[in-house]
Amino acid sequence: MSRTSAALQPPADAVQPVRHPDAPAPGELLGAHYGACFGCGDDQPHGLHLQARAGEGVSLTAEFTVQPAHQGAPGLAHGGVLTSALDETLGSLNWLLRTIAVTGRLETDFERPVPVGTTLYLAAEVTAVAGRKIYSTATGRVGGPEGPVAVRADALFIEVKVDHFVDHGRQEEIQAAMSDPDQVRRARAFEVNP
């Protein structure tokens, strides 16, 4: 029995996702899309520093270790941080589709507490595509990639144009990203916004 709300159920005319031919190869580390990203960026001292690897089809795996700065209750990960980790992982799936997309809806279920110092093993996959809507699911496990599920999420991402970021982002960061002399980093800054 699914606990997912009706808004996250793909419509009857949804299609199976298709991995883009230029997507990273299975096993390849995706790297940060933007250094200042809280989820994957290296420039965030208290960020998640989440590292994702491409999987087979339109799937990936990721890991992050809960640090003291990520706690809510004493010694336990904050639920919002765990949700951010799931959101970052789900958003990274869009690299495999080579689609610019933003989170439209995200539902998280918390199955068990995650102590500080724990590595969360995340797995995500795109389940369906319907027009601009991308449906996906993820789990976060403790104790290893096959360990017990601690958190799970279902999400709906919406495909957007790069203008979405240019029109709505803070101009200082937009200009800095667009002025980066490294063409690859400049393009990747706007690839995904989980």
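Analysis parameters
- Residues numbered from 1 in each chain as written.
- Predicted model: local features only at pLDDT ≥ 70, side-chain atom pairs only at ≥ 80, totals over all residues.
- Heavy atoms only, no water.
- UniProt positions renumbered as here; feature names shortened; annotations may be inferred.
- Helix = DSSP H or I, 4+ residues; strand = E, 2+ residues; numbered from the N terminus.
- Expected span 1.5 Å × (residues − 1).
- Buried < 20%, exposed > 50% of the residue type's maximum accessible area, 1.4 Å probe, protein only.
- Disulfide = S-S within 2.5 Å.

Identification of the protein chain as Acyl-coenzyme A thioesterase THEM4 from Streptomyces collinus is taken from an unreviewed UniProt entry. The Sequence similarities (unreviewed entry) field of the UniProt record for the protein chain holds the comment "Belongs to the THEM4/THEM5 thioesterase family."

Visitor: How would you sum up helix α1 (residues 79-92)? Please name residues and give values.
Guide: Taking 1.5 Å as the rise per residue, α1 with 14 residues should run 20 Å; its terminal C-alpha atoms sit 20 Å apart, in good agreement. In terms of residue burial, α1 counts as a mostly covered element, since ten of its 14 residues are buried. Looking at α1, one finds that the buried residues are Val81, Leu82, Ala85, Leu86, Asp87, Glu88, Thr89, Leu90, Gly91 and Ser92.

Visitor: Tell me about the state of the cysteines, residues and numbers included.
Guide: In the structure shown here, the tally under the stated rule is zero disulfides. Cys37 takes part in no disulfide bond, and the closest cysteine sulfur, belonging to Cys40, lies 3.7 Å away. Owing to a relative accessible area of 6%, Cys40 belongs among the buried residues under this scheme.

Visitor: Break down the side chain of Ser136 for me, with residues and values.
Guide: Of note, Ser136 is situated in strand β5 (residues 133-141). On the accessibility criterion, Ser136 (4% relative accessible area) is buried.

Visitor: Now, about unusual backbone geometry: what can you tell me, with residues and values included?
Guide: A positive phi angle, close to 50°, is found at His49, a residue other than glycine. If you trace the backbone, His49 turns up in the segment before β1 (51-54). Overall, His49 belongs to the partly exposed group, its relative accessible area being 34%.

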